[in-house]
Every structure is written in C-alpha cells, then in structure tokens.
Amino acid sequence: MVSLIGISAARRIAAGLGFAAVASLMGCAAMEVGSGDATLRPVLVDDDELVVLFGDEVSAADLNREVTGRGYVVREARPLASLDLNLLTLTIPDGVTGKAAIAEVEGIEPRSTAGINHAFHSPTVIASADPRRYADRMLGWPSNGCRAAAKVGLIDTFVDAADPSLSGVRIISESFGDADATVTRHGTDIAAIIADQRRLQDVSIYNAAVIGGTETGGQAAGVDELVEALDWLAANDVRIVNMSLAGPFNKILARGVNAAAARGMIIVAAVGNDGDGAPPLYPAAYPTVLAVTAVDVEAQVYPRAVQGEHIDVAAPGVDVFVAAGEAGRFSTGTSIAAPFVTARIAADPALAAAPDIEAVREALRSGAADLGPVGFDPTYGAGLVDGPSGC
C-alpha cells in the first residue's frame, strides 16, 4: 500500500483531537466527558494549513508561483485525475488568519476552492450484549443472501482482511495520510456487515483507510485525505461508497463529493450520533449523499441520531449483530445502519447501475416503509429501507 503525503500524527495530537471512549459518530465536535452530553466545538487538523482544490482550467504552476510569492509554503501538490481536480495544501504565513487566507487564495484564483482542514471522526460504536439478530428479518432480506452487483468502497479505518468474518471476501486496501494500520475495528465491523454471506456474496471491498489514531485515543482524518480517497475509488471504477464518519460543513469536501457524484458515485453516509438537537453533520448532509439514520428492533429511532430534513432513509442500527471477531459482537450507532443501505444498493443490479444519486434516492425512498408521522419527516426520512427482492 502506498502512504500518501498528508497530515502527521504529531500535528493531529497537537490539534487536540480527543475522542471519548463511549462516543458514537462525531462531527465537528469533540466529546467532553462529564455530564455525558456532547459539547460542540470546531476541531481543525492544523490551524496553519489551507487546502485548495481547483480544476484543470487553472494553471497549477501559476497558482503555486502566486501563493509562494505571498509567503505560503506548499506542503503537497497532486492531481486528482479521476475527479478532474487538483489538490494543493499550503502552510499559511504567520499572522494571517484562516479566513483571510481563504479570501486571498480565492482572490488570486476565483476558480479555486480554498478552505481550512477540518477533522472528520470515525465513531466508536457502543457494544451491547443483547442477543437479538433482527436486522435482516426486519428489512425482508432474502434468506439465501444476494450476489453483489458492483464493487463497494469503504472510506474508514483499515479493514482487517484476516478477520474470520471476511474469509473469501476480496479486500483491496490503500492508505492515505497517516492512516493507522493498528486501528481496524470500526472499518472491519462495517465491512463485516456489508459482506456477511447471509447478506451479500462475492463482493469486492475497496478499503480507503483514512483514519489515524492519536495518543489521546482519538480517531480522525483530514479533509484532504477524504478527497484523495474519493479520487482513488473513482480511479478504480467504484461507484458505491460507504462513509461512516462525520464533521462540519467543509467546502473542500463538498467540491470533492460533488465531483465524485457528477461521475455517478453513490455515497452513503451515517447521519451521526450527536443527538436530535445537533446541527447537520457532513458528508451525510450534502445533497449529493444518501443520509442514513438508525432504528431499533421496534422501528424506533436511535435516541442519539442526528435529525433533519436531509435524512433519506432508516436502517437497523441498535443492538445489531456484527459477525466480526472470534464470536461476533452487538453494536449500536448510525454508522452501523449505513452499511445495510450500502449493501442494499450493491445487491440490486438496477440500483448499482443507476445513472446518479437522485435515481437511487428516489428508488429507496419510494420503497421505504413509512415510520413516525405520515409521510417524509426529519426523524426517519422516508422510513425503513426495504430489502432487495428477487436476488
């Protein structure tokens, strides 16, 4: 695997990316342990770093020359050919604020998109000893499972390809930035849900490992790593992608996600576990992403799930059996719900070949079982996603 130039673990630690052991999906917040409530505060990977995206119509050499002439230092410059974009990461000159740097760089080249490097967190799911195995029955999943109709991308931690639950599953991994090869549980759990033989067979999982651990127990990725991961998946013709991580609105990530969606990529994301009073988290809240919330065995929403008009559908995510590990385990969180929807799309040849995200969104919403108030609502979206039929 090739490790691309990115953000050092030391800078992550210096940025204070703490992550509570009981936290679920985090966004622009760090969990401050005390009362048990999430205290939202913006988290940056590095407050001296600026990330810039621009298209091929912009001369990279001219832009580099202009910014270095104004005191910026180029940390990384690389093409993202599959997204028709270019990535530039810069060190902001001393005494210049992030806001001023964004305005200056976008003033130099108005066709560029500049932004600060927000941290996007991978969740720590909540373990449970509850012995229920209800998820597939609840969705009406065919008892013999389905053959995968497409490759699946997973932007997350590393996946442990040696885990017994993934025996026979083709795992292709690539690391970005400082992805930590020892941090595998979350990505392995998500992969195990997607590739459970009772659910989806003959699937190839393209694992874009972006999450690096910190000395404080945190798990985070920079926005530059996420865009690089999308480019790698696009280069490998991966159209269905699961992202069970979250952060604040970031226009760099928005441009990367929109570029991927414009090429037909179907991105599925968990809405987050910051509670119904939290603001929308991204990438789930981008219009070009499918946003998934979690429900329990009684089709009641997970109490910590983020709510909002951006939610598309619900899937099982409370006390769900995950086959990973020696004996399997039960886990809870919106990040656990998202891969059921990813697997649902991958199991359906029509959805896997759909022309764009809107076609998939319409199909999933129209087939969903209404939950909560009649019609679409900000808690459940269109309702419980239906399982694939006839596979």
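Above this text you will find the structure in question.
The structure reproduced in this document is the subject of the present report. Given the structure is predicted, the values throughout are model-derived calculations rather than measurements.

Some thoughts on the overall build of the protein chain
- For the protein chain, the helix and strand inventory stands at 10 helices and 19 strands.
- Looking at the protein chain as a whole, 60% of its 391 residues are labelled buried.
- Nonlocal contacts in the protein chain, meaning residues at least 24 apart in sequence, comprise 78% of its contacts between residues at least 6 apart.

Some points on the environment of Thr188
- If you trace the backbone, Thr188 turns up in helix H5 (residues 185–195).
- Judged by its relative accessible area of 2%, Thr188 is buried.
- Sequence separation between Thr188 and Asp156 is 32 residues, and the spatial gap between their C-alpha atoms is 9.1 Å.
- Residues in contact with Thr188, not counting those within four places in the same chain, are Thr157, Phe158, Val159, Asp160, Asp163, Leu166 and Ala324.

Some thoughts on the pattern of salt bridges
- Tallied over the entire structure, the rule returns 17 salt bridges.
- Of the charged contacts, one joins Arg65 and Asp62 as a salt bridge, the two residues approaching to 2.4 Å between their closest N and O atoms. With Arg65 and Asp62 both in helix H2 (residues 60–69), this residue pair falls three residues apart, about one helical turn.
- The exposure class of Arg65 is exposed, given its relative accessible area of 53%.
- Its relative accessible area of 38% is what places Asp62 among the partly exposed residues.
- Note that Arg365 is salt-bridged to Asp312, the shortest N-O span being 2.8 Å.

A short note on the packing of aromatic side chains
- Going through the model one piece at a time under the given rule, you end up with six aromatic pairs.
- On the numbers, 5.4 Å between centres and 80 degrees between planes, the contact of Phe249 with Tyr282 is edge-to-face. Of the two residues, Phe249 sits in the loop between strand E14 (240–243) and helix H7 (251–262) while Tyr282 sits in the loop between strand E15 (266–270) and strand E16 (289–295), which places them 33 residues apart along the sequence.
- One aromatic cluster is present, formed by Phe176, Tyr206 and Trp232 through successive ring pairs.

Description of the sheet that holds strand E2 (residues 73–80)
- Strand order in the open sheet made by the four strands is E2-E3-E1-E4, with antiparallel pairing throughout. A single partner strand is all that each edge strand has here, and the edge strands are E2 and strand E4 (113–116). In this sheet, neighbouring strand axes are inclined to one another by 20 degrees on average, regardless of whether the strands run parallel or antiparallel.
- The pairing of strand E1 (residues 49–55) with E4 spans four bridges and is antiparallel.

A closer look at the side chain of Asp312
- Mapped onto the elements, Asp312 comes out in the loop between E16 and strand E17 (313–316).
- Polar side-chain contacts of Asp312 include one of 2.8 Å to the backbone nitrogen of Ala291.
- Other than its neighbours up to four places away in sequence, Asp312 contacts Val289, Leu290, Ala291, Arg361, Arg365, Phe376, Tyr380, Gly381, Ala382 and Gly383.

A few points about the sheet that holds E17
- Taken in spatial order, the seven strands of this open sheet run E9-E11-E8-E14-E15-E16-E17, and their pairing is parallel. The sheet is open, and its two borders are formed by strand E9 (170–175) and E17, each paired with just one other strand. Adjacent strand axes in the sheet meet at a mean angle of 25 degrees, parallel and antiparallel pairs treated alike.
- In terms of strand pairing, strand E8 (residues 152–156) meets E14 through four bridges, oriented parallel. Among the inter-strand pairings, Val152 is bridged to a residue of E14, identified as Ile240.
- On the sheet, H5 packs against E8, strand E11 (204–209) and E14 and is oriented at approximately 160 degrees with respect to E8.

Focus on unusual backbone geometry
- Cis peptide bonds are those with omega within 30 degrees of zero, and the linkage from Tyr282 to Pro283 qualifies with 15 degrees.
- Counting through the fold element by element, Pro283 comes out in the loop between E15 and E16.
- Positioned with a positive phi, Asp84 is a non-glycine residue whose angle comes to about 55 degrees.
- Summarising the element assignment, Asp84 is placed in the loop between E2 and strand E3 (85–91).
- For Asp84, a relative accessible area of 40% corresponds to the partly exposed category.
- Backbone geometry places Asp202, a non-glycine residue, at a positive phi of 55 degrees.
- We classify Asp202 as exposed; its relative accessible area is 52%.

Structural notes on H7
- Helix length check: H7, at 12 residues, gives a terminal C-alpha distance of 16 Å against a target of 16 Å (1.5 Å per residue), a fit within 8%.
- Buried residues of H7: Ile252, Leu253, Ala254, Gly256, Val257, Ala259, Ala260 and Ala261, and no others.
- One side-chain oxygen of the residue at the start of H7 lies 2.9 Å from the amide nitrogen of Ile252, identifying that residue as Asn250.
- Positive phi shows up at Gly264, right after H7, with a value of about 95 degrees.

What to know about H5
- Extensive coverage of H5 is indicated by the burial of 10 of its 11 residues.
- When we look at burial in H5, the residues that qualify are His186, Gly187, Thr188, Asp189, Ile190, Ala191, Ala192, Ile193, Ile194 and Ala195.

Analysis parameters
- Residues numbered from 1 in each chain as written.
- Predicted model: local features only at pLDDT ≥ 70, side-chain atom pairs only at ≥ 80, totals over all residues.
- Heavy atoms only, no water.
- Helix = DSSP H or I, 4+ residues; strand = E, 2+ residues; numbered from the N terminus.
- Buried < 20%, exposed > 50% of the residue type's maximum accessible area, 1.4 Å probe, protein only.
- Contact = heavy atoms within 4.5 Å.
- Salt bridge = Lys/Arg side-chain N within 4 Å of Asp/Glu carboxyl O.
- Phe/Tyr/Trp six-rings, centres within 6.5 Å; stacked < 30°, edge-to-face > 60°.
- Pairing = 2+ DSSP bridges.
- Axes fitted to C-alpha atoms, helices over the stretch in contact; angles between N-to-C directions.
- Polar contact = N/O pair within 3.5 Å; in protein donor to acceptor, adjacent residues only side chain to side chain.
- Expected span 1.5 Å × (residues − 1).

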